Amino acid sequence: MLWKFTLLLFFIPMESQPDLWMESNYPQASWENITLWCRSPSQTSSKFLLLKDKTQISSFCPSYKTFQASFFLGVLTESNTGLYRCCYWKETGWSKPSKILKLEEPGQRPKPIFWIQAERSPLAGCNVNALCHGWLQDLVFMLFKEGYAEPVDYQVPTGTVAIFSIDNMTPEKEGAYLCHTNIQMLPTLWSKPSNPLKLVVAGLYPKPTLTAYPGPILAPGESLDLRCQGPIYGITFALMKLEDLDKSFYHKKPIKNEARFFFQTLTIHDSGHYLCFYYDGSYRGSLFSDILKIWVTDKPPKPLLAAWPSTAFKRGKVITLQCRVSHPVLEFSLEWEERATFHKFSVDGDFIITNVEGKSTGTYSCSYRTEALPNIWSHHSEPLKLMGPAGVLTWNYVLNEAFRLSLIIQLVALLLVLLWIRYKCWRLRIREAWLLGIAQRVTMLFIVTALLCCGLCNGVLTEETEIIMPTPKPELWAETNFPLAPWKNLTLWCRSPSGSTKEFVLLKDGTGWIATRPASEQVRAAFPLGALSQSHTGSYHCHSWEEMAVSEPSEALELVGTDILPKPVISASPPVWGQELQIRCKGWLAGMEFALYKEGEQEPVQQLGAVGREAFFTIRRMEDKDEGNYSCRTHTATLPFKWSEPSEPLELVIKEMYPKPFFKTWASPVVPLGGRVTFNCSTPHQHMSFILYKDGNEIASSDRSWENPGANAAYFLIISVGIGDGGNYSCRYYDFDIWSEPSNTVELVVTEFFPKPTLLAQPGPVVLPGENVTLRCQGTLKDMRFALFQEGTQVPLQFQSASGNSADFLLHTVREKDSGNYSCIYYETTMSNRGSYFSMPLMIWVTDTFPKPWLFAEPSSVVPMGQNVTLWCQGPVHGVGYILHKEGEAISKQLWGSASNDGAFPITSITGASTGHYSCCYHPDWTSPVKIQPSNTLELIVTGLLPKPSLLAQPGPMVAPGENMTLQCQGELPDSTYVLLKEGTRAPLEHQRPSGYRADFWMPVVRGEDSGIYSCVYYLDSAPFSASNHSDSLEIWVTDKPPKPSLSAWPNTVFKLGKDITLQCRGPLPGVEFVLEHDGEEAPQLFSEDGDFVINNVEGKGIGNYSCSYRLQASPDIWSEPSDPLELVGAAGPAAQECTVGNIVRSTLIVVVVVALGVVLAIEWKKWPRLRTRGSDTDGRDQTIVLEECNQEGEPGTTTNSPSSTSQGISMEITVPV
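Parameters at a glance
Residues numbered from 1 in each chain as written. Predicted model: local features only at pLDDT ≥ 70, side-chain atom pairs only at ≥ 80, totals over all residues. Heavy atoms only, no water. Helix = DSSP H or I, 4+ residues; strand = E, 2+ residues; numbered from the N terminus. Buried < 20%, exposed > 50% of the residue type's maximum accessible area, 1.4 Å probe, protein only. Pairing = 2+ DSSP bridges. Axes fitted to C-alpha atoms, helices over the stretch in contact; angles between N-to-C directions. Core = buried A, V, L, I, M, F, W, Y, C linked by side-chain atoms within 4.5 Å. Contact = heavy atoms within 4.5 Å. Salt bridge = Lys/Arg side-chain N within 4 Å of Asp/Glu carboxyl O. pLDDT = per-residue confidence, 0-100. Disulfide = S-S within 2.5 Å. Patch = residues over 30% accessible without salt bridge, like charges linked within 9 Å, V, L, I, M, F, W, Y side chains within 5 Å. Areas by Shrake-Rupley, 256 points an atom, 1.4 Å probe, with all protein chains shown as cover. Polar contact = N/O pair within 3.5 Å; in protein donor to acceptor, adjacent residues only side chain to side chain.

Novice: I keep staring at the overall build of the protein and nothing clicks. Help me out?
Specialist: Scanning the protein from N- to C-terminus turns up four helices and 91 strands. Each of the 1218 residues in the protein was classed as buried or not, and the buried ones make up 43%.

Encoded structure:
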């Protein structure tokens, strides 16, 4: 019987937690010389911290970022004993501390720690991995089970952690486990045992119920009682918080058949998901209870608001708004944004909304309150907008209505026409052939019109179909913690290049099991097999699952025996005579060595060392002697070798081939997610077919599903690059049985997945011509491939593969053409070439002189006393130091590299002593023979010590373009220097030093850009270098006409009975006269200096359109442009007639159909038999109607086909009394 169970375990999050261990050069007495090491798990750091008993005792700041740091303790004494932990610095602050290392008295090994590593609860029949951390390397680890004298298992790992696999976990293997460590050379010297680890097999008893009192939503500071109730008495209960399992795990003895977990004073951190279970004295446990979510907040969380059946009103229909939450609620409330007083209340959360007279459309939201917090309403839900038929009118809706109405109208018209024809036939006995002709014509009209409507509707309603590329193929490999005997504990891993993967499926000979995607960024899942047995042999492959798609299967991994390595896979591109060929041998385990065999030879042709999970064997020059069948094998790295089965044979045959095609991308092969890429594969040969390959697999051909410009070229288009579209692309062409050589490979890199790297130049970004410069690209991940780009080029300049997290690109003997902006990226080559963001561009200058920097002040070089100002020394060269020099001072200010903030020199609370002339220059922090130039000279003026001057404009503040203007600045001290300033510019426009009290700033031939707000100051050139306050601002207008004013109405634009309206005309210039104009009147009626005009509506003469303008009193002949018109209307104006689109469509269709039917009937009427009168009776009242075009039905017994009957039918007369 297969037990259905779930393993309950302690889960310690390892993400961002460092690893702490100790080393000693005295293995037999490690306490004689101790060094503690701290390593970050996934990223480099510039700071490491060692804690003892929660107190910092040492910190380490390396000169460059690294993964690990050492802390030397020396001889273990009483003062050194205690609890040690370490942290490392990351971008968001200090990491979580490591596990606790307890150093006790000398002569005693550190106590190991023991835990279970799992992402989620394993499924039935799986293996459990227990991890024991011994703090020292090369130890012997023993696993003991409580109640047994002999160890259950032992291991001698190469590191500080041993992994014990408990195979096929069943209830018999439950209990308390612990581990010991000892040194191999001293087996009698044991460490203290670890804390016991209890393994509880859950699922043997029914699940309990978990409830919260007074409720799941509480305010901070309140108390909470969680009750876990089961059907069995006298058992132990346990409560877990899923967000923090290692800290929030509570055990409690029961009261009868339940246990209460009491929280006295709640905080925000107590919010989360809780569940409970129970177990007996033999550690046989129950299923988990349902998850209960607890909110600790001042306000309950917002609910979800939805509309049924939709958010659009239909005629005669109502909408039900449904407000929903996942916990009990006392009352719901519905609010309507367009009406503040609107409130509806409901117990079940359903609100019925009707659209009487179209007044219920708008935006709604809902909230609720609970019994625990009856006076506190929750946050409002996300707003939901209800729209009426006019609010959701689209062309689809209009054409659907038109189509439906046209079909109804045409059907009714067709029936009426057929009834009319039937009536005429009955009256006049017309032949069926004529009736059939009319019916056919009317039916054709109906069909053509219906098809036209259908075509219009389908043309608008049909949506474009997006072609979804297949989900990228995942990667499958194996891992083990026994390198010499991998079959003792094997775990299969499946990794997907797609970030949207939801779960993975591992298949073995057609049967599989599911593992959900872990929360890590690597998007992978583990399938632990444990110790291999005969039942594990078979062929394995995996799939990755997304929302609506499943990937292609991975390459098959074949397990052929319990003590044999998995069979590798061999592959190669088609061989070409005289060219190099690479044979790929893919193993499944890291650290294995590879051997290549050729059929007919006993010894390996080539051998390669451990190079990851795959190896590439190279045949330098392919010739006839190299043809044959090849296979490869893998084996362990140390003696005695353990070999895999040989791979399937690969036949290499040199065939006649066309030369390789020319293959490239139109744009850069480095694209962001969602970008567009076009591959161009071309050849000089005509009438060829083309194939596109990705990572050696055919993905497209030059058929009609791809863009094809001609017979000698093909374009393969990826409209929107997906997460798995990166990789190595190539193409081939063929004609019948002859293929071409494969093209050169184009690496397509999909960027913006990893953090951007940094790019630095050594020795610096400014280099003399002919020198060498090294560009270092520093990333955040190891084992990546790096690419260097220069601005203006689409293809990368250089590639570098690095085992570390940086790569160096050498620019040899640079020239002026090498100057420019450089950037770099890094990307992974194992999973669809996912890359980082581009680094910040780095400008490289190939010159013998540094470019000249620029010095300016922000916000201005004229600063009031006590204000702050920043002097900026900036230029195109970055990563250098700066020197700021003030004229007359011997000491200069210096700022260096990254600390310089791009050359910012702040001056706070400025005083008169800061007045003077400044300049700056670069100061590189590397030895460079390149010449340095000083910047421009900046004069800094501190105002506020002298009375402010006055500023006037001559001939006035408004002039036409091309004229001259003079700005006069009048001060109170002679022999001063005057400065003209303009708002929006940092530096003064002009300096003058007149002999008197006034400076005239002449502005010849002014233009539109001279408009603006001006001011001026004056200052003394000698001590105490005092400067005045700013003058009052003066606005200058350079225009042919003054700018138009604005016109508004108060209180509104609608006249009410007995009330007047005030029109307010406002302009930007002072000293003007306003005039109000009324449409329909020849001359202006009203003038005003303040711009206010009172309008009354006597006899309805006040309504209409108004506009206003103004003129300067100094220039009475120049009027401004009129304002925008403003319409005043009466309260009793004609009502607006509303006509919906639906009515217009219906009316138009009726007219079209009626006109069409009229045209048909007019045509048929012309064919109607004419009336002919042939004499009359004695009273002259009889007439004869001759049917000339239609034959009368034949007499009984006659044949219509005979000539006699035809002649008789034509001469027959019908006498009709008139």
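Having seen the structure, we can now continue with the description.
Novice: Explanation requested: the sheet that holds strand β68 (residues 869–874) in the structure shown.
Specialist: Hydrogen bonds between backbone groups are what pair the strands of a sheet, and the pairing can be parallel or antiparallel. Strand order in this open sheet of three strands is β66-β68-β71, and the pairing throughout is antiparallel. Of all the strands in the sheet, the pair left with one neighbour each is β66 (854–858) and β71 (904–907). Between one strand and the next, the sheet's axes are offset by a mean angle of 20°, whatever the strand orientation. By the bridge criterion, four bridges tie β68 to β71 in an arrangement that is antiparallel. For T870, the partnering residue across the bridge sits in β71 and is P906.

Novice: Looking at this structure, how should I read the nonpolar core?
Specialist: Side chains that are nonpolar tend, in soluble globular proteins, to be buried together. Ranked by internal contacts, the top residues of the largest apolar core, which has 37 residues, are L36, Y84 and F114. Other than its neighbours up to four places away in sequence, Y84 contacts L20, L36, L50, L51, K52, I57, L73, K99, I100, L101 and L103.

Novice: How should I be thinking about the sheet that holds strand β89 (residues 1126–1130) in this particular structure?
Specialist: Strands sit in the order β83-β89-β88-β85-β86 across an open sheet of five strands; the sheet is mixed. Lying at the two open borders of the sheet, with one neighbouring strand each, are β83 (1054–1055) and β86 (1086–1088). Examined bridge by bridge, β83 and β89 share two bridges and lie parallel to one another. Residue pairing for β89: V1054 is matched across the bridge by V1129.

Novice: Sorry, what's going on with the pattern of salt bridges here?
Specialist: Side-chain pairs of opposite charge can arise where the charged atoms are in close proximity. Counting across every chain of the model gives 26 salt bridges. Here D1032 and K948 are joined by a salt bridge, their closest N and O atoms 2.8 Å apart. Taken together, the positions of D1032 in the loop between β80 (1012–1019) and β81 (1034–1038) and K948 in the loop between β73 (938–943) and β74 (950–954) put the pair 84 residues apart, joining distant regions of the chain. The exposure class of K948 is partly exposed, given its relative accessible area of 43%. Residue E1009 pairs with R1007 through a salt bridge whose shortest N-O separation is 3.2 Å. For E1009, a relative accessible area of 48% corresponds to the partly exposed category.

Novice: Before we go on, may I ask you to explain the confidence of the model for the protein in this structure?
Specialist: Low-confidence regions, as indicated by low pLDDT, have predicted coordinates that should not be scrutinised in detail. In the predicted model, the protein carries a mean pLDDT of 76, and 78% of its residues have values of at least 70. Counting interchain partners and residues more than four positions distant, the pLDDT-below-50 stretch residues 390–396 has seven contacts. Considering only residues more than four positions removed or in separate chains, one finds that residues 704–710, a stretch of pLDDT under 50, has 12 contacts.

Novice: Mind showing me how you'd approach the state of the cysteines here?
Specialist: A covalent bond between the sulfur atoms of two cysteines is referred to as a disulfide. Counted by the stated rule, this structure contains 11 disulfides. The partner cysteine of C228 in its disulfide is C276, sulfur to sulfur 2.0 Å. Looking along the S-S bond of the C228-C276 disulfide, the torsion reads about 80°, which is the right-handed sense. Highlighted residues: C228 in strand β19 (residues 224–229) and C276 in strand β23 (residues 272–279), separated in sequence by 48 residues. Neither C228 nor C276 differs from the other in exposure class; each is buried. Two residues, C585 and C632, share a disulfide whose sulfurs are 2.1 Å apart. Taking the sign of the S-S torsion, about 80° here, the bridge from C585 to C632 comes out right-handed. Separated by 47 residues along the polypeptide, C585 in strand β41 (residues 581–586) and C632 in strand β45 (residues 628–635) bring together distant segments of the chain.

Novice: How should I be thinking about the environment of P254 in this particular structure?
Specialist: Turning to its location among the elements, P254 is positioned in the loop between β21 (249–252) and β22 (258–263). Assessed through its relative accessible area of 22%, P254 is described here as partly exposed. Linking P254 and Y278, residues 24 residues apart in sequence, is a C-alpha distance of 9.5 Å. Aside from chain neighbours lying at most four places away, what touches P254 is G234, I235, F237 and A259.

Novice: Whenever I open this one, a nonpolar patch on the surface confuses me. Can you help?
Specialist: On the surface, I408, V412, L416 and L419 cluster together into a nonpolar patch covering about 390 Å² of accessible area. Summarising the element assignment, I408 is placed in helix α1 (residues 395–428).

Novice: Can you help me understand the side chain of H635 in this one?
Specialist: Within the element layout of this structure, H635 appears in strand β45. Residues contacting H635, with those up to four places away along its chain left out, are L565, M592, E593, F641, K642 and W643.

Novice: I'm lost on the side chain of S333 in this one. Help?
Specialist: Mapping S333 onto the fold places it in strand β28 (residues 331–336). A relative accessible area of 2% means that S333 is categorised as buried. Of the polar contacts made by the side chain of S333, one reaches the side chain of E335; its length is 2.7 Å. Non-local contacts of S333, meaning those with residues more than four positions away in its chain, are made with H343, K344, F345, F351, S365, C366, S367 and W377.

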